[in-house]
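Chain residues, written in single-letter form:
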Amino acid sequence: MRDLCGIVKALNCIINTMYFRKSSGLTIAELVVLIAIIVLLSWVIFEGTKNTRAKARDTERVNNIKYLKKVLQNYFNENRSYPVALDHNFLGADYIKIIPKDPGTGKDYFYAVVSLGKTRRCVDYHLGANLEITELDSDIFKTDDDLAPQSNTCPGSAPDFDGKDPIYDIKQ
């Protein structure tokens, strides 16, 4: 016990002489090192969260596309065709209260309605979102359709888009 008290007193003495010296404040070198450490830690934290936030927005985009697919299927079941645009003028509030927008830009998702056959009925669509994470080996890109643009869009529909990655796209 006596040795332990001696060690504690010695450590206390060392700490007092190192950290509680008579001069107050930090030297310039200590201040520069401290600022460099803070900047380095801030950069590491910011870079790590930036990628995480982009992945979260991409996940929200994919979930929005899947949700819109269900809404469009409900519309088709009642009307036997798809709306030419994703807005309340064509889709109506009965099917969807708020039409989701891209969480990063606030813009609409890519949407084009394709007509098939001689009847020119709007019975097919192409829906997509531009993703931020562009690594093509991402699991997200393994589940989309990667469609080329179609020229036979329905009257009133936006022109079709190229669904190659980094566009997450689905079709009906």
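Given the structure is predicted, the values throughout are model-derived calculations rather than measurements. (Residues numbered from 1 in each chain as written. Predicted model: local features only at pLDDT ≥ 70, side-chain atom pairs only at ≥ 80, totals over all residues. Heavy atoms only, no water.)

1. Here we look at the overall build of the protein chain
Helix and strand counts for the protein chain come out as two helices and three strands. Reading the protein chain from its N end, one meets helices and strands in the order α-α-β-β-β. Here the protein chain, with 172 residues, has 30% of them falling under the buried criterion. If you take every contact in the protein chain between residues at least 6 apart in sequence, the share linking residues at least 24 apart comes to 60%. (Helix = DSSP H or I, 4+ residues; strand = E, 2+ residues; numbered from the N terminus. Buried < 20%, exposed > 50% of the residue type's maximum accessible area, 1.4 Å probe, protein only. Contact = heavy atoms within 4.5 Å.)

2. Focus: the sheet that holds strand 3 (residues 167-171)
Taken together, the three strands give an open sheet; going across it, the order is 1-2-3, and neighbouring strands pair in antiparallel fashion. Since the sheet does not close on itself, it has two edges, and those belong to strand 1 (110-116) and strand 3, each with one partner. Strand-to-strand twist in this sheet, taken as the mean axis angle between neighbours without regard to direction, amounts to 20°. The sheet contact formed by strand 1 and strand 2 (residues 121-130) spans seven bridges and is antiparallel. Its bridge partner being in strand 2, S115 is matched across the sheet by C122. Across the sheet, helix 2 (residues 28-79) is in contact with strand 1, strand 2 and strand 3; its angle to strand 2 comes to roughly 170°. (Pairing = 2+ DSSP bridges. Axes fitted to C-alpha atoms, helices over the stretch in contact; angles between N-to-C directions.)

3. Description of the nonpolar core
Within the largest apolar cluster, 24 residues are counted, with the highest numbers of intra-cluster contacts made by L72, L86, L91, Y111 and L127. Mapped by element, the contributors of at least two residues to this core are helix 2, strand 1, strand 2 and strand 3. Sorting elements by how many residues they give to this core places helix 2 first, with seven residues. Not counting the four nearest positions on each side in its chain, L127 is found in contact with I65, L68, K69, L72, L86, Y109, F110, Y111, F161, Y168, D169 and I170. (Core = buried A, V, L, I, M, F, W, Y, C linked by side-chain atoms within 4.5 Å.)

4. Some details on the pairing of strand 3
Counting buried positions along strand 3 gives four out of five residues, so the element sits mostly inside the fold. When strand 2 meets strand 3, the two strands line up antiparallel, connected through five bridges. Residue L127 lies in a different strand from strand 3, and its bridge partner there is I170.

5. Some points on a nonpolar patch on the surface
Side chains of L26, L31, L34, I35, I38 and V39 sit close together on the surface and give an oily, nonpolar patch of about 540 Å² of accessible area. By the element assignment, I38 lies in helix 2. Exposure remark for I38: the relative accessible area of 47% places this residue in the partly exposed category. (Patch = residues over 30% accessible without salt bridge, like charges linked within 9 Å, V, L, I, M, F, W, Y side chains within 5 Å. Areas by Shrake-Rupley, 256 points an atom, 1.4 Å probe, with all protein chains shown as cover. Salt bridge = Lys/Arg side-chain N within 4 Å of Asp/Glu carboxyl O.)

6. As for the packing of aromatic side chains
Overall, the coordinates contain five aromatic pairs when judged by the stated rule. Ring geometry for F76 and Y82: centres 4.6 Å apart, planes at 20°, overall stacked. Side by side, F76 and Y82 carry an identical accessibility label, which is buried. An angle of 75° between the planes, with centres 4.8 Å apart, marks the rings of Y82 and Y125 as edge-to-face. Of this pair, Y82 sits in the loop between helix 2 and strand 1 while Y125 sits in strand 2; the two residues are 43 residues apart in sequence, bridging distant segments of the chain. (Phe/Tyr/Trp six-rings, centres within 6.5 Å; stacked < 30°, edge-to-face > 60°.)

7. With respect to the side chain of N64
Looking at the element boundaries, N64 is found in helix 2. Beyond its immediate sequence surroundings of up to four residues, N64 is in contact with P100, K101 and Y109.

8. Regarding the pattern of salt bridges
In a structure, side chains of opposite charge can pair up when their charged atoms sit close to one another. Under the definition given, this model contains five salt bridges. The shortest N-O distance in the salt bridge between E132 and R57 comes to 2.5 Å. Note that E132 is positioned in the loop between strand 2 and strand 3 and R57 in helix 2, a separation of 75 residues in sequence.

9. Points about unusual backbone geometry
Despite not being glycine, R80 shows a phi value in the positive range, around 60°. Examined against the element boundaries, R80 turns out to sit in the loop between helix 2 and strand 1. By relative accessible area, R80 is classed as partly exposed at 47%.

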